[in-house]
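Given next are the chains, with one letter for each unit.
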Amino acid sequence: MDKFLIKGPCQLNGDVTISGAKNAALPILFATLLSDETIILKNVPELRDIKTTLQLLRELGAQAERNADGDVVITAGTVNCQKAPYELVKTMRASILALGPLTAKFSTADVSLPGGCAIGARPVNLHIHGLEMMQANINVEEGYIKARVDGRLKGARILMDMVSVTGTENLLMAAVLAEGITTIENAAREPEVVDLANFLNSLGAKISGIGSDVLTIEGVEALHGGTYAVQPDRIETGTFLVAAAVTGGKITCHKTDPSLLDAVLLKLEEAGAAITTGDDWITLDMQGRELKAVNIKTVPYPGFPTDMQAQFTVLNTVAKGTSTIIETIFENRFMHVPELARMGADIELEGNTAICRDTESLTGAQVMATDLRASASLVIAGFLATGETTVERIYHIDRGYEFIEDKLQGLGGNITRITG
Ligand SMILES: CC(=O)N[C@H]1[C@@H](OP(=O)(O)OP(=O)(O)OC[C@H]2O[C@@H](n3ccc(=O)[nH]c3=O)[C@H](O)[C@@H]2O)O[C@H](CO)[C@@H](O)[C@@H]1O
Ligand SMILES: C=C(OP(=O)(O)O)C(=O)O
(Lines give C-alpha, C1' and ligand atoms only; values in the text may rest on other atoms or scores of the structure.)
(Ligands and ions follow the chains in the order given, each with its own letter.)
Protein backbone atom coordinates (compact mmCIF):
# COMPACT_ATOMS: atom_id res chain seq x y z
CA MET A 1 0.00 0.00 0.00
CA ASP A 2 1.36 3.44 -0.97
CA LYS A 3 2.19 5.99 1.69
CA PHE A 4 3.39 9.59 1.84
CA LEU A 5 6.59 10.70 3.49
CA ILE A 6 6.45 14.38 4.46
CA LYS A 7 9.37 16.33 5.88
CA GLY A 8 8.23 19.41 7.77
CA PRO A 9 7.88 22.12 8.45
CA CYS A 10 7.43 23.63 4.99
CA GLN A 11 5.60 26.70 3.81
CA LEU A 12 3.39 26.42 0.72
CA ASN A 13 3.77 29.23 -1.82
CA GLY A 14 3.07 29.67 -5.51
CA ASP A 15 0.43 28.70 -8.06
CA VAL A 16 -1.71 25.61 -8.41
CA THR A 17 -4.27 24.60 -11.02
CA ILE A 18 -7.51 23.15 -9.70
CA SER A 19 -8.97 20.00 -11.26
CA GLY A 20 -12.53 19.17 -12.18
CA ALA A 21 -14.77 18.28 -9.24
CA LYS A 22 -14.92 14.60 -8.33
CA ASN A 23 -18.38 14.96 -6.79
CA ALA A 24 -19.75 16.73 -9.89
CA ALA A 25 -18.01 14.44 -12.39
CA LEU A 26 -19.37 11.26 -10.76
CA PRO A 27 -23.12 11.98 -11.12
CA ILE A 28 -22.52 13.45 -14.57
CA LEU A 29 -20.75 10.25 -15.67
CA PHE A 30 -23.67 8.17 -14.39
CA ALA A 31 -26.14 10.53 -16.10
CA THR A 32 -24.66 9.62 -19.49
CA LEU A 33 -26.57 6.33 -19.10
CA LEU A 34 -29.74 8.31 -19.83
CA SER A 35 -28.78 9.06 -23.44
CA ASP A 36 -28.09 6.77 -26.41
CA GLU A 37 -25.94 9.39 -28.07
CA THR A 38 -22.26 10.28 -27.67
CA ILE A 39 -21.33 12.64 -24.84
CA ILE A 40 -17.95 14.36 -24.48
CA LEU A 41 -16.99 15.44 -20.97
CA LYS A 42 -14.20 17.92 -20.33
CA ASN A 43 -12.37 18.63 -17.06
CA VAL A 44 -12.97 15.14 -15.65
CA PRO A 45 -10.22 14.54 -13.06
CA GLU A 46 -8.00 11.46 -13.21
CA LEU A 47 -8.93 9.79 -9.96
CA ARG A 48 -9.51 6.29 -8.67
CA ASP A 49 -13.30 6.89 -8.32
CA ILE A 50 -13.51 8.12 -11.91
CA LYS A 51 -11.65 5.03 -13.17
CA THR A 52 -14.03 2.83 -11.17
CA THR A 53 -17.04 4.61 -12.67
CA LEU A 54 -15.72 4.25 -16.23
CA GLN A 55 -15.10 0.56 -15.55
CA LEU A 56 -18.66 0.19 -14.23
CA LEU A 57 -20.10 1.97 -17.29
CA ARG A 58 -18.12 -0.39 -19.55
CA GLU A 59 -19.35 -3.43 -17.62
CA LEU A 60 -22.90 -2.22 -18.27
CA GLY A 61 -22.06 -2.22 -21.99
CA ALA A 62 -21.31 1.47 -22.61
CA GLN A 63 -18.30 2.69 -24.55
CA ALA A 64 -16.38 4.89 -22.14
CA GLU A 65 -12.79 6.05 -22.74
CA ARG A 66 -10.51 9.05 -22.42
CA ASN A 67 -9.42 10.48 -25.78
CA ALA A 68 -6.00 11.95 -26.64
CA ASP A 69 -7.08 15.37 -25.32
CA GLY A 70 -7.96 13.87 -21.92
CA ASP A 71 -11.71 14.27 -22.48
CA VAL A 72 -14.00 11.42 -21.49
CA VAL A 73 -16.12 10.15 -24.38
CA ILE A 74 -19.13 8.00 -23.56
CA THR A 75 -21.76 6.34 -25.68
CA ALA A 76 -24.31 4.48 -23.60
CA GLY A 77 -26.54 3.42 -26.50
CA THR A 78 -24.90 -0.01 -26.30
CA VAL A 79 -25.76 -0.70 -22.65
CA ASN A 80 -27.07 -4.26 -22.31
CA CYS A 81 -26.69 -4.98 -18.58
CA GLN A 82 -28.37 -3.21 -15.65
CA LYS A 83 -26.38 -4.60 -12.73
CA ALA A 84 -23.86 -2.68 -10.61
CA PRO A 85 -22.00 -5.52 -8.86
CA TYR A 86 -20.82 -5.60 -5.24
CA GLU A 87 -17.15 -5.91 -6.31
CA LEU A 88 -17.25 -2.37 -7.73
CA VAL A 89 -19.81 -0.78 -5.43
CA LYS A 90 -17.86 -1.78 -2.31
CA THR A 91 -14.89 0.27 -3.55
CA MET A 92 -17.00 3.35 -4.30
CA ARG A 93 -20.22 4.35 -2.57
CA ALA A 94 -21.11 6.76 -5.38
CA SER A 95 -22.00 3.68 -7.51
CA ILE A 96 -25.46 4.12 -5.97
CA LEU A 97 -25.81 6.85 -8.61
CA ALA A 98 -26.40 4.08 -11.18
CA LEU A 99 -29.80 3.35 -9.59
CA GLY A 100 -31.79 6.37 -10.84
CA PRO A 101 -30.55 6.42 -14.45
CA LEU A 102 -30.78 2.64 -14.96
CA THR A 103 -34.32 2.50 -13.56
CA ALA A 104 -35.44 5.47 -15.65
CA LYS A 105 -33.85 4.32 -18.91
CA PHE A 106 -34.21 0.52 -18.76
CA SER A 107 -37.08 0.05 -16.25
CA THR A 108 -34.83 -2.31 -14.32
CA ALA A 109 -31.78 -1.96 -12.11
CA ASP A 110 -29.86 -4.18 -9.71
CA VAL A 111 -27.45 -2.09 -7.68
CA SER A 112 -25.49 -3.51 -4.80
CA LEU A 113 -26.28 -1.83 -1.46
CA PRO A 114 -23.20 0.24 -0.66
CA GLY A 115 -23.01 -0.73 3.02
CA GLY A 116 -21.44 1.35 5.76
CA CYS A 117 -18.53 3.72 5.49
CA ALA A 118 -15.81 5.01 7.82
CA ILE A 119 -17.55 8.39 8.21
CA GLY A 120 -21.03 7.05 8.99
CA ALA A 121 -23.72 4.49 8.18
CA ARG A 122 -24.85 6.48 5.14
CA PRO A 123 -28.17 4.75 4.41
CA VAL A 124 -29.85 5.15 1.00
CA ASN A 125 -33.48 5.04 2.15
CA LEU A 126 -34.26 8.44 0.59
CA HIS A 127 -33.05 7.28 -2.83
CA ILE A 128 -35.28 4.22 -2.58
CA HIS A 129 -38.30 6.08 -1.23
CA GLY A 130 -38.15 8.69 -4.01
CA LEU A 131 -38.06 6.04 -6.72
CA GLU A 132 -40.99 4.28 -5.08
CA MET A 133 -42.91 7.56 -5.20
CA MET A 134 -42.24 7.47 -8.95
CA GLN A 135 -43.95 4.05 -9.08
CA ALA A 136 -40.83 1.85 -9.09
CA ASN A 137 -41.20 -1.44 -7.29
CA ILE A 138 -38.12 -1.90 -5.10
CA ASN A 139 -36.89 -4.91 -3.17
CA VAL A 140 -33.68 -5.36 -1.29
CA GLU A 141 -32.56 -8.95 -1.84
CA GLU A 142 -29.21 -10.68 -1.44
CA GLY A 143 -27.47 -7.37 -0.81
CA TYR A 144 -28.89 -5.74 -3.95
CA ILE A 145 -31.43 -2.98 -4.48
CA LYS A 146 -33.66 -4.39 -7.22
CA ALA A 147 -35.81 -1.77 -8.93
CA ARG A 148 -38.45 -2.61 -11.52
CA VAL A 149 -41.01 -0.39 -13.20
CA ASP A 150 -43.76 -1.08 -15.63
CA GLY A 151 -42.82 1.15 -18.59
CA ARG A 152 -41.63 4.63 -17.66
CA LEU A 153 -41.31 6.06 -14.17
CA LYS A 154 -44.16 8.41 -13.28
CA GLY A 155 -43.66 12.00 -12.21
CA ALA A 156 -44.33 12.56 -8.50
CA ARG A 157 -44.10 15.08 -5.70
CA ILE A 158 -41.14 14.05 -3.55
CA LEU A 159 -40.40 15.70 -0.23
CA MET A 160 -36.96 14.70 1.02
CA ASP A 161 -36.90 14.03 4.80
CA MET A 162 -33.37 15.36 4.96
CA VAL A 163 -31.01 17.05 2.57
CA SER A 164 -29.14 14.40 0.59
CA VAL A 165 -26.73 15.25 -2.19
CA THR A 166 -26.56 11.94 -4.05
CA GLY A 167 -30.20 11.27 -3.10
CA THR A 168 -31.25 14.45 -4.91
CA GLU A 169 -28.97 13.58 -7.84
CA ASN A 170 -30.36 10.06 -8.21
CA LEU A 171 -33.97 11.28 -8.21
CA LEU A 172 -33.17 14.16 -10.54
CA MET A 173 -31.65 11.75 -13.06
CA ALA A 174 -34.63 9.42 -12.74
CA ALA A 175 -37.15 12.25 -13.15
CA VAL A 176 -35.77 13.62 -16.41
CA LEU A 177 -37.05 10.55 -18.32
CA ALA A 178 -40.18 10.02 -16.20
CA GLU A 179 -43.67 10.57 -17.58
CA GLY A 180 -45.05 13.88 -16.33
CA ILE A 181 -43.82 16.37 -13.79
CA THR A 182 -41.70 15.62 -10.71
CA THR A 183 -40.94 18.05 -7.92
CA ILE A 184 -38.15 17.39 -5.47
CA GLU A 185 -38.64 19.46 -2.33
CA ASN A 186 -35.97 20.00 0.31
CA ALA A 187 -33.53 19.20 -2.50
CA ALA A 188 -29.79 19.58 -1.94
CA ARG A 189 -28.49 22.88 -3.32
CA GLU A 190 -24.84 21.84 -3.49
CA PRO A 191 -22.97 23.18 -6.55
CA GLU A 192 -22.46 19.59 -7.72
CA VAL A 193 -26.26 19.15 -7.95
CA VAL A 194 -26.41 22.39 -9.94
CA ASP A 195 -23.69 21.15 -12.31
CA LEU A 196 -25.57 17.89 -12.87
CA ALA A 197 -28.84 19.73 -13.55
CA ASN A 198 -27.15 22.10 -16.02
CA PHE A 199 -25.54 19.11 -17.74
CA LEU A 200 -28.90 17.32 -18.03
CA ASN A 201 -30.57 20.45 -19.44
CA SER A 202 -27.76 20.73 -22.00
CA LEU A 203 -28.87 17.28 -23.25
CA GLY A 204 -32.52 18.33 -23.54
CA ALA A 205 -33.85 17.76 -20.02
CA LYS A 206 -36.37 20.26 -18.62
CA ILE A 207 -35.30 21.09 -15.08
CA SER A 208 -36.20 24.37 -13.38
CA GLY A 209 -35.48 25.73 -9.92
CA ILE A 210 -31.80 24.84 -10.33
CA GLY A 211 -29.82 26.01 -7.30
CA SER A 212 -32.93 26.23 -5.12
CA ASP A 213 -34.34 23.60 -2.76
CA VAL A 214 -37.32 22.87 -5.02
CA LEU A 215 -36.45 21.26 -8.32
CA THR A 216 -39.19 20.86 -10.93
CA ILE A 217 -38.59 18.37 -13.69
CA GLU A 218 -40.80 17.97 -16.74
CA GLY A 219 -40.02 14.50 -18.03
CA VAL A 220 -38.89 14.07 -21.65
CA GLU A 221 -38.81 10.92 -23.78
CA ALA A 222 -35.11 10.99 -24.61
CA LEU A 223 -31.91 12.97 -24.09
CA HIS A 224 -29.52 13.78 -26.90
CA GLY A 225 -25.71 13.90 -26.90
CA GLY A 226 -23.45 16.88 -26.27
CA THR A 227 -20.26 18.30 -24.82
CA TYR A 228 -19.98 19.60 -21.26
CA ALA A 229 -17.19 20.79 -18.97
CA VAL A 230 -17.32 19.70 -15.31
CA GLN A 231 -17.11 22.49 -12.71
CA PRO A 232 -13.90 23.09 -10.69
CA ASP A 233 -13.42 21.18 -7.45
CA ARG A 234 -14.37 23.50 -4.59
CA ILE A 235 -13.13 21.04 -1.95
CA GLU A 236 -9.73 20.59 -3.61
CA THR A 237 -9.52 24.40 -3.80
CA GLY A 238 -10.39 24.75 -0.12
CA THR A 239 -7.87 22.09 0.85
CA PHE A 240 -5.00 23.93 -0.87
CA LEU A 241 -6.10 27.24 0.65
CA VAL A 242 -6.08 25.77 4.17
CA ALA A 243 -2.67 24.16 3.55
CA ALA A 244 -1.27 27.57 2.59
CA ALA A 245 -3.00 29.32 5.50
CA VAL A 246 -1.65 27.00 8.19
CA THR A 247 1.90 27.06 6.81
CA GLY A 248 1.89 30.87 6.61
CA GLY A 249 2.25 30.90 2.82
CA LYS A 250 0.77 32.68 -0.16
CA ILE A 251 -0.85 30.74 -2.98
CA THR A 252 -3.07 31.34 -5.99
CA CYS A 253 -5.53 28.66 -7.08
CA HIS A 254 -6.26 28.89 -10.81
CA LYS A 255 -9.14 27.47 -12.88
CA THR A 256 -11.40 27.50 -9.82
CA ASP A 257 -14.69 29.28 -9.04
CA PRO A 258 -14.69 31.53 -5.94
CA SER A 259 -18.50 31.77 -6.03
CA LEU A 260 -18.69 28.11 -4.93
CA LEU A 261 -16.60 28.70 -1.81
CA ASP A 262 -18.32 31.55 0.04
CA ALA A 263 -18.54 29.83 3.44
CA VAL A 264 -14.97 28.55 3.27
CA LEU A 265 -13.47 31.88 2.15
CA LEU A 266 -15.33 33.76 4.90
CA LYS A 267 -13.94 31.36 7.52
CA LEU A 268 -10.42 31.75 6.12
CA GLU A 269 -10.75 35.54 6.33
CA GLU A 270 -12.04 35.20 9.90
CA ALA A 271 -8.94 33.07 10.57
CA GLY A 272 -6.79 36.01 9.51
CA ALA A 273 -6.02 35.29 5.84
CA ALA A 274 -6.07 37.98 3.15
CA ILE A 275 -8.17 36.70 0.25
CA THR A 276 -8.46 38.20 -3.21
CA THR A 277 -10.49 36.69 -6.03
CA GLY A 278 -11.11 37.03 -9.74
CA ASP A 279 -13.50 35.22 -12.07
CA ASP A 280 -11.57 31.94 -11.93
CA TRP A 281 -8.84 32.42 -9.33
CA ILE A 282 -8.35 32.86 -5.59
CA THR A 283 -5.23 34.18 -3.86
CA LEU A 284 -4.70 33.55 -0.16
CA ASP A 285 -1.94 35.42 1.62
CA MET A 286 -1.01 34.43 5.16
CA GLN A 287 2.56 35.71 5.15
CA GLY A 288 3.32 37.63 8.33
CA ARG A 289 -0.25 37.33 9.60
CA GLU A 290 -1.54 35.66 12.76
CA LEU A 291 -3.76 32.61 12.43
CA LYS A 292 -6.86 32.76 14.64
CA ALA A 293 -9.06 29.79 15.56
CA VAL A 294 -12.58 29.76 14.07
CA ASN A 295 -15.78 28.02 15.16
CA ILE A 296 -17.26 25.71 12.54
CA LYS A 297 -20.61 23.96 12.15
CA THR A 298 -21.02 21.74 9.12
CA VAL A 299 -24.39 22.07 7.36
CA PRO A 300 -25.76 21.58 3.83
CA TYR A 301 -24.83 24.16 1.17
CA PRO A 302 -24.62 27.14 1.24
CA GLY A 303 -23.33 26.59 4.79
CA PHE A 304 -19.94 25.24 5.73
CA PRO A 305 -19.22 21.89 3.97
CA THR A 306 -18.51 18.71 5.91
CA ASP A 307 -15.90 17.87 3.27
CA MET A 308 -13.77 20.79 4.61
CA GLN A 309 -14.17 19.95 8.30
CA ALA A 310 -11.05 17.81 8.72
CA GLN A 311 -8.82 20.43 7.07
CA PHE A 312 -10.15 23.18 9.35
CA THR A 313 -9.61 20.91 12.36
CA VAL A 314 -5.88 21.05 11.59
CA LEU A 315 -6.08 24.82 11.18
CA ASN A 316 -7.70 25.13 14.61
CA THR A 317 -5.05 22.99 16.31
CA VAL A 318 -2.35 25.55 15.60
CA ALA A 319 -4.39 28.77 15.34
CA LYS A 320 -4.53 31.08 18.36
CA GLY A 321 -7.44 30.41 20.69
CA THR A 322 -9.91 27.69 21.55
CA SER A 323 -12.60 26.75 19.06
CA THR A 324 -15.39 24.28 18.53
CA ILE A 325 -16.15 22.25 15.47
CA ILE A 326 -19.64 20.74 15.25
CA GLU A 327 -20.17 18.01 12.67
CA THR A 328 -23.89 17.71 11.89
CA ILE A 329 -23.82 15.76 8.61
CA PHE A 330 -22.00 12.50 9.40
CA GLU A 331 -21.97 10.73 12.77
CA ASN A 332 -18.37 9.51 12.60
CA ARG A 333 -16.35 12.13 10.82
CA PHE A 334 -13.66 12.81 13.42
CA MET A 335 -11.43 9.83 12.65
CA HIS A 336 -8.55 12.22 11.95
CA VAL A 337 -8.64 13.53 15.54
CA PRO A 338 -6.83 10.60 17.25
CA GLU A 339 -4.25 10.64 14.45
CA LEU A 340 -3.70 14.39 14.89
CA ALA A 341 -3.36 13.77 18.64
CA ARG A 342 -0.42 11.47 17.82
CA MET A 343 1.24 14.54 16.29
CA GLY A 344 0.63 16.63 19.41
CA ALA A 345 -2.76 18.22 18.68
CA ASP A 346 -4.91 19.11 21.70
CA ILE A 347 -8.45 18.20 20.67
CA GLU A 348 -11.23 16.99 22.95
CA LEU A 349 -14.10 15.06 21.40
CA GLU A 350 -17.60 15.26 22.90
CA GLY A 351 -20.15 13.56 20.69
CA ASN A 352 -20.38 15.48 17.45
CA THR A 353 -18.24 18.34 18.77
CA ALA A 354 -14.48 18.77 18.73
CA ILE A 355 -12.97 21.34 21.05
CA CYS A 356 -9.63 22.46 19.67
CA ARG A 357 -7.05 24.17 21.87
CA ASP A 358 -4.04 25.75 20.25
CA THR A 359 -0.75 23.87 20.35
CA GLU A 360 2.64 25.57 19.89
CA SER A 361 3.69 23.07 17.25
CA LEU A 362 3.03 19.59 15.92
CA THR A 363 5.66 16.89 15.63
CA GLY A 364 6.03 14.37 12.80
CA ALA A 365 4.62 10.89 13.41
CA GLN A 366 3.42 7.78 11.62
CA VAL A 367 -0.32 8.27 11.04
CA MET A 368 -3.11 6.38 9.29
CA ALA A 369 -5.53 7.84 6.78
CA THR A 370 -9.08 6.63 7.39
CA ASP A 371 -11.08 8.44 4.72
CA LEU A 372 -10.63 10.94 1.93
CA ARG A 373 -10.72 14.30 3.72
CA ALA A 374 -9.09 12.87 6.87
CA SER A 375 -6.14 11.95 4.62
CA ALA A 376 -5.93 15.50 3.34
CA SER A 377 -5.92 16.85 6.89
CA LEU A 378 -3.04 14.56 7.87
CA VAL A 379 -1.00 15.70 4.87
CA ILE A 380 -1.57 19.33 5.87
CA ALA A 381 -0.55 18.47 9.45
CA GLY A 382 2.61 16.87 8.06
CA PHE A 383 3.62 20.19 6.45
CA LEU A 384 3.12 21.94 9.77
CA ALA A 385 4.91 19.41 11.91
CA THR A 386 8.58 19.35 12.72
CA GLY A 387 10.27 16.19 11.48
CA GLU A 388 9.04 13.28 9.39
CA THR A 389 5.39 12.29 9.01
CA THR A 390 4.37 9.11 7.26
CA VAL A 391 0.73 9.01 6.12
CA GLU A 392 -0.35 5.43 5.51
CA ARG A 393 -3.29 4.12 3.43
CA ILE A 394 -3.24 7.01 0.99
CA TYR A 395 -5.48 5.10 -1.41
CA HIS A 396 -8.18 7.18 0.26
CA ILE A 397 -6.60 10.42 -0.95
CA ASP A 398 -6.18 9.01 -4.45
CA ARG A 399 -9.97 8.74 -4.61
CA GLY A 400 -10.35 12.49 -4.57
CA TYR A 401 -7.19 14.52 -5.21
CA GLU A 402 -5.70 14.52 -8.70
CA PHE A 403 -1.87 14.54 -8.92
CA ILE A 404 -1.81 15.54 -5.27
CA GLU A 405 1.89 15.13 -4.55
CA ASP A 406 2.91 16.82 -7.84
CA LYS A 407 0.72 19.81 -7.02
CA LEU A 408 2.00 20.04 -3.44
CA GLN A 409 5.63 19.67 -4.54
CA GLY A 410 5.00 22.51 -7.01
CA LEU A 411 4.05 24.68 -4.04
CA GLY A 412 7.21 23.76 -2.13
CA GLY A 413 5.85 20.86 -0.11
CA ASN A 414 8.43 18.22 0.80
CA ILE A 415 6.25 15.18 0.11
CA THR A 416 7.18 11.88 -1.52
CA ARG A 417 5.06 8.87 -2.41
CA ILE A 418 6.52 5.59 -1.23
CA THR A 419 5.00 2.83 -3.32
CA GLY A 420 4.55 -0.57 -1.84
C1 LIG B 1 -20.12 11.48 -4.07
C2 LIG B 1 -20.58 12.65 -3.29
O3 LIG B 1 -21.14 13.59 -3.82
N4 LIG B 1 -20.34 12.61 -1.98
C5 LIG B 1 -20.74 13.73 -1.14
C6 LIG B 1 -22.20 13.56 -0.79
O7 LIG B 1 -22.33 12.31 -0.12
P8 LIG B 1 -23.80 11.70 0.08
O9 LIG B 1 -24.66 12.13 -1.03
O10 LIG B 1 -23.60 10.25 0.33
O11 LIG B 1 -24.26 12.42 1.39
P12 LIG B 1 -25.76 12.84 1.73
O13 LIG B 1 -25.96 14.27 1.41
O14 LIG B 1 -26.68 11.86 1.12
O15 LIG B 1 -25.77 12.61 3.31
C16 LIG B 1 -26.23 13.60 4.22
C17 LIG B 1 -26.81 12.90 5.42
O18 LIG B 1 -28.04 12.28 5.04
C19 LIG B 1 -28.06 10.93 5.46
N20 LIG B 1 -28.87 10.16 4.49
C21 LIG B 1 -28.59 10.27 3.16
C22 LIG B 1 -29.32 9.57 2.23
C23 LIG B 1 -30.34 8.73 2.67
O24 LIG B 1 -31.02 8.06 1.89
N25 LIG B 1 -30.59 8.65 4.01
C26 LIG B 1 -29.88 9.35 4.94
O27 LIG B 1 -30.12 9.24 6.13
C28 LIG B 1 -26.59 10.54 5.49
O29 LIG B 1 -26.35 9.40 6.28
C30 LIG B 1 -25.94 11.79 6.02
O31 LIG B 1 -26.04 11.82 7.41
O32 LIG B 1 -22.62 14.63 0.07
C33 LIG B 1 -21.91 14.67 1.33
C34 LIG B 1 -22.52 15.80 2.14
O35 LIG B 1 -22.26 17.01 1.55
C36 LIG B 1 -20.43 14.85 1.07
O37 LIG B 1 -19.73 14.75 2.28
C38 LIG B 1 -19.89 13.79 0.10
O39 LIG B 1 -18.58 14.12 -0.27
C1 LIG C 1 -17.06 11.72 1.48
C2 LIG C 1 -16.63 11.98 0.25
O3 LIG C 1 -16.84 11.22 -0.83
P4 LIG C 1 -17.75 9.92 -0.98
O5 LIG C 1 -19.16 10.37 -0.83
O6 LIG C 1 -17.44 9.46 -2.37
O7 LIG C 1 -17.32 8.96 0.09
C8 LIG C 1 -15.87 13.22 -0.05
O9 LIG C 1 -15.74 13.56 -1.24
O10 LIG C 1 -15.36 13.86 0.89
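Residues numbered from 1 in each chain as written. Chains lettered and ligands numbered in written order. Predicted model: local features only at pLDDT ≥ 70, side-chain atom pairs only at ≥ 80, totals over all residues.

With respect to the overall build of the protein
- From N to C terminus, the protein includes 14 helices and 24 strands.
- Its C-alpha atoms give the protein a radius of gyration of 21 Å, within 12% of the compact-globule value 22 Å for 420 residues.
- Overall, the protein is about 65 × 45 × 40 Å in size when its C-alpha atoms are taken along their principal axes.
- Across the 420 residues of the protein, 52% fall into the buried class.
- Contacts in the protein between residues at least 24 apart in sequence constitute 71% of all its contacts with a sequence separation of at least 6. (Helix = DSSP H or I, 4+ residues; strand = E, 2+ residues; numbered from the N terminus. Rg over C-alpha atoms; globule rule 2.2 N^0.38 Å. Buried ≥ 20, exposed ≤ 12 C-beta atoms within 10 Å, placed from the backbone. Contact = placed C-beta atoms within 7 Å.)

Comments concerning the UniProt feature "active site" (unreviewed entry) in the protein
- UniProt records the feature "active site" (unreviewed entry) at Cys117, using the numbering of this structure.
- Relative to the assigned elements, Cys117 resides in the loop between strand 7 (108-112) and helix 5 (125-133).
- A count of 12 C-beta atoms within 10 Å places Cys117 in the exposed class.
- With near-sequence residues (within four places) excluded, Cys117 lies in contact with Arg93 and Arg122. (UniProt positions renumbered as here; feature names shortened; annotations may be inferred.)

Examining the sheet that holds strand 12 (residues 206-208)
- On the basis of which strands lie adjacent, the open sheet formed by four strands has the order 10-11-13-12 and mixed pairing. Both outer strands of the open sheet, strand 10 (157-159) and strand 12, are each paired with one neighbouring strand and no more. Within the sheet, the average angular offset between the axes of one strand and its neighbour, ignoring direction, is 15 degrees.
- The pairing of strand 11 (residues 181-185) with strand 13 (residues 214-218) spans five bridges and is classified as antiparallel. Its bridge partner being in strand 13, Thr183 is matched across the sheet by Thr216. (Pairing = 2+ DSSP bridges. Axes fitted to C-alpha atoms, helices over the stretch in contact; angles between N-to-C directions.)

As for the site of ligand 1
- Around ligand 1 sit 20 residues, and of these Asn23, Leu126, Ser164, Val165 and Thr166 come closest.
- Mapped by element, the contributors of at least two residues to the shell around ligand 1 are helix 1 (22-31), helix 5 and helix 6 (165-176).
- By residue class, the composition of the shell around ligand 1 is nine nonpolar, eight polar and three charged.
- Counting the residues that make up the shell around ligand 1, at least three belong to each of domain 1 (3-18 + 232-418) and domain 2 (22-229). (Near = placed C-beta within 6 Å. Nonpolar A, V, L, I, M, F, W, Y, C, P; charged D, E, K, R; others polar. Domains from an automatic or database assignment.)

Observations concerning the sheet that holds strand 5 (residues 72-75)
- Pairing is mixed across the open sheet formed by four strands, whose spatial order is 4-5-3-14. The open sheet is flanked by strand 4 (63-66) and strand 14 (226-229), the only strands paired with a single partner. Each strand axis lies, on average, 15 degrees off the axis of its neighbour in the sheet, ignoring direction.
- Bridge count for strand 3 (residues 38-42) against strand 14 is four bridges, and the pairing is parallel. Each residue of the ladder has a partner; that of Leu41, found in strand 14, is Tyr228.

Thoughts on the nonpolar core
- Of all hydrophobic cores here, the largest spans 69 residues; its most connected members are Leu172 and Val176.
- With seven residues, the top contributor of residues to this core is helix 1.
- Ignoring anything within four residues of it in the chain, the contact list for Val176 reads Leu34, Leu200, Ala205, Ile207, Ile217, Gly219, Val220 and Leu223. (Core = buried A, V, L, I, M, F, W, Y, C linked by C-beta atoms within 7 Å.)

A look at the domain arrangement of the protein
- Here the domain parsing of the protein yields domain 1 (3-18 + 232-418) and domain 2 (22-229).
- The gap between the C-alpha centroids of domain 1 and domain 2 is 30 Å.
- In this complex, domain 1 contributes 17 residues to the contact, which on the side of domain 2 involves 14 residues.
- For the side of domain 1 that touches domain 2, the residue count by class is six nonpolar, three polar and eight charged.

Quick word on the UniProt feature "binding site: phosphoenolpyruvate" (unreviewed entry) in the protein
- On the UniProt side, "binding site: phosphoenolpyruvate" (unreviewed entry) is annotated at positions that read Lys22 and Asn23 here.
- Looking at the element boundaries, Lys22 is found in helix 1.
- Structurally, Asn23 is set in helix 1.

Some words on helix 9 (residues 262-270)
- Inspection of helix 9 places Val264, Leu265, Lys267 and Leu268 among the buried residues, and these make up the whole buried set. One side of helix 9 holds all its buried residues, which, seen down the axis, span an arc of 160 degrees.
- Phi turns positive, to about 110 degrees, at Gly272, one or two residues after helix 9. (Arc of directions from axis to C-beta.)

Overview of helix 1
- Burial analysis of helix 1 places ten of its ten residues in the buried class, the great majority of the element.
- Burial in helix 1 covers these residues: Lys22, Asn23, Ala24, Ala25, Leu26, Pro27, Ile28, Leu29, Phe30 and Ala31.

A few points about the environment of Arg189
- Within the fold, Arg189 resides in the loop between strand 11 and helix 7 (191-202).
- Apart from residues lying up to four places away in sequence, Arg189 is in contact with Gly211, Ser212, Asp213, Tyr301 and Pro302.

As for the packing of helix 10 (residues 309-318) against helix 12 (residues 372-384)
- It is at 7 Å that the axes of helix 10 and helix 12 come closest, and there the two elements cross at 30 degrees. With respect to helix 12, the element helix 10 is oriented roughly parallel. When you trace helix 10 past helix 12, the crossing you get is right-handed. Contacts between helix 10 and helix 12 pair Ala310, Gln311, Thr313, Val314 and Val318 from the former with Arg373, Ala374, Ala376, Ser377, Ile380, Ala381 and Leu384 from the latter.
- Across the contact of helix 10 with helix 12, the residue classes tally to eight nonpolar, three polar and one charged. (Parallel < 35°, antiparallel > 145°, perpendicular 65-115°, else oblique. Left-handed = near helix turned anticlockwise from the far one by under 90°.)

Describing the site of ligand 2
- Every residue close to ligand 2 is listed here: Asn23, Arg93, Ala94, Asp307, Leu372, Arg373 and Gly400.
- Looking at the shell around ligand 2 residue by residue, the classes come out as two nonpolar, two polar and three charged.
- Taken domain by domain, the makeup of the shell around ligand 2 includes at least three residues from each of domain 1 (3-18 + 232-418) and domain 2 (22-229).

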